[in-house]
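The primary structure of each chain is shown beneath.
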Amino acid sequence: METTPHQMKQTFISSYFLHLIFFIFLFQYVIIISYKMYFINNIWSDIYMRKALLIYNPNSGNGKTILDNFNKIAEEFLKKDISLTLYSISNEYSHLIAVVKKHKFDILILSGGDGTLSRTLTELYNDNVNLPDIGIFPTGTSNDFARCLNLGNNIDDWIKHITDGQPKSIDFGLINGKTIFLSSYAGGLFTKIAYNTDKNMKKTIGKLAYFLSGINELINIKKFKLHITLDDETEIEEKAILYMILNGEGAGGLNNLDSSANMTDGLMNLIIIKEIKSAVDFSTLFLDLMNNNFVNNNFVRTMTAKKCKIKKIRSDISVSIDGEEGANENSEIEFIHDKLRILISE
């Protein structure tokens, strides 16, 4: 039977609509697949990529290290599924606090010396920011905190601790409920050196600048009455030339001041250097310091506590907080445990 023109027309129309329906379904399929790919590449990656904020101080010691190595840092982080945002810090912290609160970073990377690190943490802590895991790029001059944690001396070590490390709870000191210190709180001999030494000299000759500045203080050693009350109500009164509260084993660029110090036990290690009246005794103390026998000297007194109170000492005696100038005032010191997590690769 021959196909009539009418039948041919109907067949054509049916075929046309079938093709149209096919292409509509095909188009919808492409849209769905494209959306899924977008979801996987963007939203899904946002869920599984950790976000890191690198806070650096361009004026701190070797702060230029961060800018010189930024591409390397970013590449190594991306290999470990860590996205990186760079933030240059200034004396005004309000914007930083707003950024941290808004974007909820998984990692905060603090770059600088001990003073920059503790000052940044102080601002965040006082604004009730829930601290994420913390990475450290120790680009200051002494870097006592990082040295006690064995974080290494180069950018490759620091990157590895952040990309491959696990969060470890580390203690910190809290002064009068508001000021954090990570390494040391001290008053008396040599404490002024860290913040009075010329910055250009520190950048040029490093730690040697501290030793050269310290020679001047040895000419006129000042003694003072020291009164400390420990958390068990023990009263300590001494004529002293220096007191230190340590978190780790060393401070002021010196190692092994107290090898019993532990940064995870929730306790501070106090060291008091009593009045020294003769050059011979001071020489003995200095030799013991150089030979890592400091705490066994007759002029040195050590103890541990979770909390203590220190009465204001002579007004002309300097006080330092992690190498920065501190206030000479009545102080209540407490060590805080389980609030600070540092990324450390074993």
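Calculation criteria
- Residues numbered from 1 in each chain as written.
- Predicted model: local features only at pLDDT ≥ 70, side-chain atom pairs only at ≥ 80, totals over all residues.
- Heavy atoms only, no water.
- Helix = DSSP H or I, 4+ residues; strand = E, 2+ residues; numbered from the N terminus.
- Buried < 20%, exposed > 50% of the residue type's maximum accessible area, 1.4 Å probe, protein only.
- Contact = heavy atoms within 4.5 Å.
- Areas by Shrake-Rupley, 256 points an atom, 1.4 Å probe, with all protein chains shown as cover.
- Phe/Tyr/Trp six-rings, centres within 6.5 Å; stacked < 30°, edge-to-face > 60°.
- Lys NZ or Arg CZ within 6 Å of the ring centre and 35° of its normal.
- Salt bridge = Lys/Arg side-chain N within 4 Å of Asp/Glu carboxyl O.
- 1 Å grid on protein atoms, 1.4 Å probe; cavity = no way out; pocket = protein on both sides within 12 Å on 5 of 7 lines; lining within 4 Å.
- Points joined across faces, edges and corners; volume = space filled by probe spheres on them.
- Nonpolar A, V, L, I, M, F, W, Y, C, P; charged D, E, K, R; others polar.
- Expected span 1.5 Å × (residues − 1).
- Pairing = 2+ DSSP bridges.
- Core = buried A, V, L, I, M, F, W, Y, C linked by side-chain atoms within 4.5 Å.

This next bit is on the overall build of the protein chain. Along the backbone of the protein chain there are 11 helices and 17 strands. Counting only residues that meet the buried cut, the protein chain has 44% of its 346 residues in that class. The long-range fraction of contacts in the protein chain, counting pairs at least 24 apart against all pairs at least 6 apart in sequence, stands at 76%. Summed over its atoms, the accessible surface of the protein chain is roughly 19,200 Å², and 53% of this surface lies on carbon and sulfur atoms.

Below, the discussion takes up the packing of aromatic side chains. If you walk through the whole model with that rule in mind, you get 6 aromatic pairs. Judged by centre distance (5.7 Å) and plane angle (80 degrees), the ring pair of Tyr125 and Phe172 falls under edge-to-face. With Tyr125 in helix H5 (residues 114-126) and Phe172 in strand S6 (residues 172-175), this residue pair connects regions lying 47 residues apart in the sequence. A relative accessible area of 2% means that Phe172 is categorised as buried. Between the aromatic rings of Phe181 and Phe335, the centroid separation amounts to 5.7 Å while the plane-to-plane angle is 65 degrees, which identifies the pairing as edge-to-face. One end of the pair, Phe181, is in strand S7 (residues 179-181); the other, Phe335, is in strand S16 (residues 331-336), and 154 residues separate them in sequence. Judged on exposure class, the residue Phe181 and its partner Phe335 are both buried. The side chain of Lys51 reaches across the aromatic face of Phe105, ending 5.7 Å from its centre.

Examined against the element boundaries, Asn150 turns out to sit in the loop between helix H6 (144-148) and helix H7 (155-164). Residue classification places Asn150 among the exposed positions, given a relative accessible area of 63%. C-alpha separation for the pair Asn150 and Ile344, spaced 194 residues apart in sequence, amounts to 8.8 Å.

With that settled, the discussion passes to the pattern of salt bridges. Scanning the entire structure with this criterion turns up 11 salt bridges. In this structure, Lys101 and Asp127 form a salt bridge, with 2.6 Å as the shortest nitrogen-oxygen distance. Of this pair, Lys101 sits in helix H4 (residues 94-103) while Asp127 sits in the loop between H5 and strand S4 (133-138), and the two are 26 residues apart along the sequence. Lys101 sits in the partly exposed class, given a relative accessible area of 40%.

One number sums up the size of the second largest pocket: a volume of about 340 Å³. The class makeup of the residues in the lining of the second largest pocket is 6 nonpolar, 8 polar and 4 charged.

The next thing to look at is the environment of Ala186. With respect to the helices and strands, the residue Ala186 is situated in strand S8 (residues 184-188). Classification of Ala186 by relative accessible area gives buried; the value is 7%. Sequence-distant contacts of Ala186, defined by excluding residues within four places in its chain, comprise Thr191, Tyr243, Met244, Ser318, Val319 and Ser320.

Right, let's get into H5. Along its 13 residues, H5 runs 18 Å from first to last C-alpha, staying within 8% of the 18 Å computed at 1.5 Å per residue. Taken as a whole, H5 has its buried residues at Asp114, Gly115, Thr116, Leu117, Ser118, Thr120, Leu121, Thr122 and Leu124. Just beyond H5, the residue with positive phi is Asn128, at close to 60 degrees.

Moving on: the pairing of strand S9 (residues 224-230). Across a regular strand the side chains alternate sides, sitting on one face of the sheet and then on the other. Most of S9 is tucked away: 6 of the 7 residues are buried. Relative to strand S10 (residues 235-246), S9 runs antiparallel, the two sharing 6 bridges. The partner of Leu226 across the bridge, within S10, is Glu238. Here S9 folds back onto S10, and the loop between the two strands holds 4 residues, one of which, Glu233, carries a positive phi near 75 degrees. Across 3 bridges, the pairing between S9 and strand S13 (residues 307-310) is antiparallel.

For the rest of this paragraph, the subject is the nonpolar core. Core analysis: the largest hydrophobic core is formed by 33 residues, its most contacted members being Leu53, Ile136, Phe145 and Ile342. Within the residue set of this core, elements represented by two or more residues are strand S1 (50-56), H4, strand S3 (107-112), H5, S4, H6, S6 and strand S17 (341-344). Once you skip the residues sitting within four places of it in the chain, Leu53 turns out to touch Thr85, Tyr87, Leu96, Val99, Val100, Phe105, Ile107, Leu108 and Ile109. Membership of the second largest hydrophobic core comes to 24 residues, among which are Ile175, Ala240, Tyr243 and Leu270.

Now for the environment of Gly187. You can see Gly187 is positioned in strand S8. Remark: the alpha-carbon pair of Gly187 and Ile321, spanning 134 residues in sequence, is separated by 9.1 Å.

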